[in-house]
Amino acid sequence: MSLFDWLPFRKKKAEKTQEDLAEIRRMFATRYKHFSLLIRANTATHELMAELEEALRGFQPYGMHYVRALCSRISESVYEMIGHLNKLDHGSYEKLYDQFSVIHSKISPHLESIHHAGEGELVLSLSEVGRDQADLCGPKMATLGEAGNELGLKIPAGFVVTTVSFHKFMEKDGLEEQVDRLIQTADPDDREAMFQVSSKIMQLIINSDLPDDVTAAILEAYDSLCADHGEVVNVAVRSSALGEDSEGAAFAGQYRSILNIDRSSLILACKEVMASKYSLQAMAYRINRGIRDEDVAMSVGCIMMVEAASGGVAYSRSPMNIRDENISVYSVWGLPKAVVDGAAEADEFMVSRTKPMQVIGRHIADKEDRYVCDIGEGVHCVRQVNGFRAAPSLTDDQAVNVARQAVRIEEHFGSAQDIEWAMTKDGDLYLLQCRPLMQLDDSPEVVLQNSSASIPVLSGGRTASPGVGVGPAFPVRKDADTLHFPDGGVLILRQALPSRAALLSRCSAVITEQGGIAGHLANVAREFGVPALFGLKGALSRFKEGRIITVDADGRSVYDGLIEELLKEKPRHRLMRGSAVQASLRKAARHIVRLNLTDPDSPKFRPSNCKTMHDIMRYCHEMSVREMFEFGTKKEFVQSASRQLICSVPKQFWVLNLGDGITPEGRKRNDRCVLLEHITSAPMLALWEGMQAVPWEGPPAVHTQGLLSVMFEATINPDLNTTSPSHFSQKNYFMISKRYCCLQSRFGFHFCGVEALIGDRVSENYASLQFKGGAANLERRILRAKFVGEILDEFDFRVRIREDNLNARLEGLEHASMERRLKILGYLITHTRQLDMIMTNEAEVEKYKKKFAEDFKLFPAVQ
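### Side note on the overall build of the protein
Right, on to step 1. When helices and strands are tallied, the protein shows 24 helices and 30 strands.
Right, on to step 2. A separation threshold of at least 6 residues defines the contact pool for the protein, and within that pool the share at least 24 residues apart is 66%.
Right, on to step 3. Carbon and sulfur atoms make up 51% of the accessible area of the protein, which amounts to about 38300 Å² in all.

### With respect to the pattern of salt bridges
Right, on to step 1. The full count for this structure, using the stated rule, is 28 salt bridges.
Right, on to step 2. Lys823 is the partner of Glu689 in a salt bridge, and the nearest nitrogen-oxygen pair spans 3.6 Å. Placement of the pair is Glu689 in helix H20 (residues 682–692) and Lys823 in helix H23 (residues 815–831), with a sequence separation of 134 residues.
Right, on to step 3. Overlapping salt bridges, with partners in common, bring together Arg317, Arg353 and Glu410 in one network.

### Concerning a nonpolar patch on the surface
Right, on to step 1. A surface patch of nonpolar side chains, about 260 Å² in accessible area, is lined by Ile548, Leu562 and Leu567.
Right, on to step 2. Note on placement: Leu562 falls in the loop between strand E21 (557–560) and helix H16 (564–567).
Right, on to step 3. Using a relative accessible area of 47% as the deciding quantity, one classes Leu562 as partly exposed.

### Examining the sheet that holds strand E9 (residues 359–363)
Right, on to step 1. Taking strand neighbours across the sheet as the criterion, the six strands line up as E9-E8-E7-E6-E12-E13 in an open arrangement whose pairing is antiparallel. In the strand order of this sheet, the two ends are held by E9 and strand E13 (429–436), each with one partner. Within this sheet the neighbouring strands show an average axis-to-axis angle of 20°, counted without direction.
Right, on to step 2. Direction of pairing for strand E12 (residues 417–423) relative to E13: antiparallel, over a ladder of seven bridges. Bridged to Asp418 within E13 is Arg435.
Right, on to step 3. Set on the sheet, helix H13 (residues 396–413) makes contact with strand E6 (310–315), strand E7 (327–333), strand E8 (347–351), E9, E12 and E13; between it and E12 the angle comes to about 140°.

### Remarks on the sheet that holds strand E19 (residues 532–534)
Right, on to step 1. The eight strands lie next to each other as E14-E21-E20-E16-E17-E18-E19-E15, forming an open sheet whose pairing is mixed. Single-partner strands in this sheet number two, and they are strand E14 (458–459) and strand E15 (462–465).
Right, on to step 2. Strand direction decides the pairing type here: E14 and E21, joined by two bridges, are antiparallel. In the sheet register, Ser459 faces E21, and the bridge partner there is Ser557.

### What to know about the pairing of E21
Right, on to step 1. In the sheet, strand E20 (residues 548–552) pairs with E21 via four bridges, with the strands oriented antiparallel. Its bridge partner lying in E21, Asp552 is registered against Ser557.
Right, on to step 2. The antiparallel pairing of E20 with E21 creates a hairpin that spans four residues between the two strands, and Arg556 there sits at a positive phi of about 55°.

### Let's talk about a negative patch on the surface
Right, on to step 1. Side chains of Glu171, Glu176, Glu177 and Asp180 sit close together on the surface and give a patch of like negative charge.
Right, on to step 2. Within the secondary structure, Glu177 is located in helix H6 (residues 175–184).

### Some details on a positive patch on the surface
Right, on to step 1. On the surface, Arg577, Arg586, Lys587, Arg590 and Arg594 cluster together into a positively charged patch.
Right, on to step 2. Note on Arg577: relative accessible area 56%, which makes it exposed.

### Points about the side chain of Thr45
Right, on to step 1. With respect to the helices and strands, the residue Thr45 is situated in helix H1 (residues 18–57).
Right, on to step 2. Judged by its relative accessible area of 0%, Thr45 is buried.
Right, on to step 3. Here Ala41 takes part through its backbone oxygen, which lies 2.6 Å from a polar atom of the side chain of Thr45.
Right, on to step 4. In contact with Thr45, other than residues within four places in its own chain, are Ile74, Ser77, Val78, Met81 and Met617.

### What about helix H5 (residues 163–171)?
Right, on to step 1. Of all the positions in H5, only Thr163, Ser165, Phe166, Phe169 and Met170 are classed as buried. Axial view of H5: buried residues confined to an arc of 155°, hence all on one face.
Right, on to step 2. Asp173 lies just past H5 and shows a positive phi near 55°.

### Remarks on the environment of Val339
Right, on to step 1. One can find Val339 in helix H11 (residues 337–341).
Right, on to step 2. What makes Val339 buried here is its relative accessible area of 17%.
Right, on to step 3. The spatial distance from the C-alpha of Val339 to the C-alpha of Val313 is 6.9 Å, given a sequence separation of 26 residues.

Rules and cut-offs
- Residues numbered from 1 in each chain as written.
- Predicted model: local features only at pLDDT ≥ 70, side-chain atom pairs only at ≥ 80, totals over all residues.
- Heavy atoms only, no water.
- Helix = DSSP H or I, 4+ residues; strand = E, 2+ residues; numbered from the N terminus.
- Contact = heavy atoms within 4.5 Å.
- Areas by Shrake-Rupley, 256 points an atom, 1.4 Å probe, with all protein chains shown as cover.
- Salt bridge = Lys/Arg side-chain N within 4 Å of Asp/Glu carboxyl O.
- Patch = residues over 30% accessible without salt bridge, like charges linked within 9 Å, V, L, I, M, F, W, Y side chains within 5 Å.
- Buried < 20%, exposed > 50% of the residue type's maximum accessible area, 1.4 Å probe, protein only.
- Pairing = 2+ DSSP bridges.
- Axes fitted to C-alpha atoms, helices over the stretch in contact; angles between N-to-C directions.
- Lys, Arg positive; Asp, Glu negative; His and termini not counted.
- Charge placed at Lys NZ, Arg CZ, Asp CG, Glu CD.
- Polar contact = N/O pair within 3.5 Å; in protein donor to acceptor, adjacent residues only side chain to side chain.
- Arc of directions from axis to C-beta.

Dropping the structure here:
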C-alpha cells in the first residue's frame, strides 16, 4: 500500500455499470474503425499519387478530363483522411481543413478546361485527334491520330464518336441507372449470373435510341467522309474505350470491332460497340483488374476500310524478352483479321534493328484461307489459290518497311509497340492500330543481346522508378552508414525507408530487398529520376561495398561492372512532353506530390506547415498512429472494459476486443475471461508466441555495484514501487482486432508499449515499440535502451533513443515478415527485463547478445 492510499480525502472510484462498460467498448471500436479507414485512404492516395507521377513522365497520352478526375480523387481521399483523424480525437485537428482549403485553392486554377479543337464535341475528325484528346477519343484512336498527324504515317481517314456522346447516350432515359441496377444484382463470382446480366445490359443498350444530336453528328461525319473521297465508302467501327490499349491494361480482344459497314448500318454498329463495354469478358476483365465501371467510357472509331492485299501485326520488340531488339512481323494474305483473331497461321519475318535493317529469319506458313471485304457489307473467308498458300505474303523489303515504321512508332510513344497494319496491292502501308506491347516481366534471366558476358548477377523485384544506373554498391544498414555514402553510389537497403530519401540526390540507383512502389521512397525516386529496383531478395548481402554494378530497373536486373550497352540505349520518348495538358498537370502537382514534412519529431511538423496534399497525408498518418498508440494510456476505465486472458503464465493480461479480435464463441462467454484459443488477432498471437517461446531465466546475477545502483534508484524513483499510483503500474492489456494489436505492459521495472497492424495490404502494415524505465540508474537504463535498439536495427526497425526512452518503428513488410518481427519484439519484451542492472559488465552483455541471437533462430526468416 502506498503512503496516500489510507488518506481520508482519497476517494475510491465508483464501479462502472454494464452500460458504462459497453459504452467504453463502443468508443474504442469506433476509434479503431476510423483509424482503419484512415489507413485505407492513405494507401489509396499513395496509389493515386503514383499514378499522377507516372502521368507526369508523359509516356502515355491523356487529356484534361483525366487530369481533373485524378486530382479530384486525390483531394477527396486526403479530405477523407482529415475527417477520420478528427474523429479519432474529437475535432482536435480541425485546422487541417483550413490548410486543405488553401492548398486546394492553389490547385484549382490549373485544372480549368484547356480549350482545343473538338473539346466537348460529339464527333471529331481523326485528322484533329492527338495525344491531348485521349480522354475524349480513348487511347486507341488518340494514338492512331497522333501517329498520322505527328509522324506522317498513312492512316485511314475517319472520325471518332467521343466519350461525350457515350455519356449523353447513357444518361438518356435513365439508361445508366438501369445498367447500374443490373450490375448490382449479380454476384461477380457467379459466371452464369454474370452472363445473364451481360446479355441483358447489351440488349438494353442496343435497343435504346441514341440522342438525336448524336445520331445527326455521326451521319454528318460519315457523309463528309464520303464527300471528301468522292464516293460512298465503307468503314470499320472499332472500340476505343478509356483505359484500352494502355500499359498494363490492354483490354485486348475484350470489346467489339465491326468491319466493312455502310451508312445504313452505322448507327446500329456504333451502339453494338458501345454495348460491348458490358460483354462478359470485358466485365470480368475490369473486375479482375480492379477497374471501376464508371472509369471506363466508350468512344467509337469509324475509319475507312483499306483494300488490303496483305495485313497483320508487328511487335517492335520481343514480348518474351525485354532486351530482345529484333522486330517480329506477322503477315497473311488479305485483311489482318486472321492474325489478330489467331484464326490462322501467319508468315513470320524477324527483322534486325541494327542498320541497315534486314530480314534475319523467316517462316512462311501454309495460308489456306484469307479474309476479304464483301461487296455489300461485312467480311468473309475465301479459300486461297494453291499458288498463294505457300507464297510469302510480304517481300523482304516490305517486311523491313513494316519493321521500320514499328520502330518509329516505338520511339515516338516511348515503349515497345504492338501495331496492326494493312498493305495495298500497290505497296502502300496503312497503320490501323498501335498500342503498348505487353512484355513478359517475370523472366528468370534477362540477357543482353550480343553480349555473352552480360549475365545478370540478380534478377527480379519490381521497377519502382525506371532507368539504368551505374556506380559503386553501398549497402546501408544503419543510420551511421549514411554518413559515408559516396556520390554516384548505388544505395542498397533492406527496406524502402522514407528517411533514406535524403540520399537520392547523390544516388545513381537504388535497390531494396523489401518495399512497395507506392511508398514514399519510390515516389521521391521517381520525382528525382533515380532508377529504383524494389523487392530484390538477397541484394544486401550479395554486393560488397565499392563493387561497381549496373542496375537496370526496366529489365529488373543487376549486372557486375559497367554494361555500356544499357547506357547507350535511347531514352523512352515522353509523348506528352511540351503539351498544354501536361503543363497543367505539372503545375497542379507542385501542390500535390511534394513532401515537406519529413521529420515527425521536428517542431515544424504541424498543420500550418502543410504546403501540399502529400504533407497533409503524412501528417494525418503520423498523428493517427500516435493517437492509436497513446489513447489506451490516456483514457480512463480501459481496464474495466477488458477481459482477463486465461493463460499458463503467472502474470495477468487483460484483453479489450475492438471488434473481431475474439472468435464468436469466445465473445458469447458471459464471464470476464477469454481463452487464448479464442484470440484471432494475428499481431497479438505473434507477439504472444515471441513472449512465450523461451522461458525467462529470471533476473541476471547482479554484482555489488549493480545491486547498489538498484537500491539507490528505488529510494528516489516512485515508479519502482509496485503499489505506487504511477502510470507504469497499470495492468498489462491488449487492445485487439483481427489485424490490429496494441499492448501496454510493465515487465519488471520497465514499461513497454507495442502497436501493430498486419493485413493483406503490405503498404498499411507497421509495428511500433515504446520502451522505457528500469531498475538501475539512468546510465544503465540508457545502455539497455541502446542494447535493445541495436538489436532492432538489425531487423529493419527505425530506432530513436532519448536517454532511457526507446521508440522503434517498422512498416511496409508483407504478412509473414511482420509476424517474425513481432515475435522478436515479444521475445525482447520478456527477456530484457532487469538487464539494465548488468549493462556496465561487457562480458555479461556479450553473453546475452549471443543467447538472443541463438534464440532468434526459433523465428526463421521468410524464404
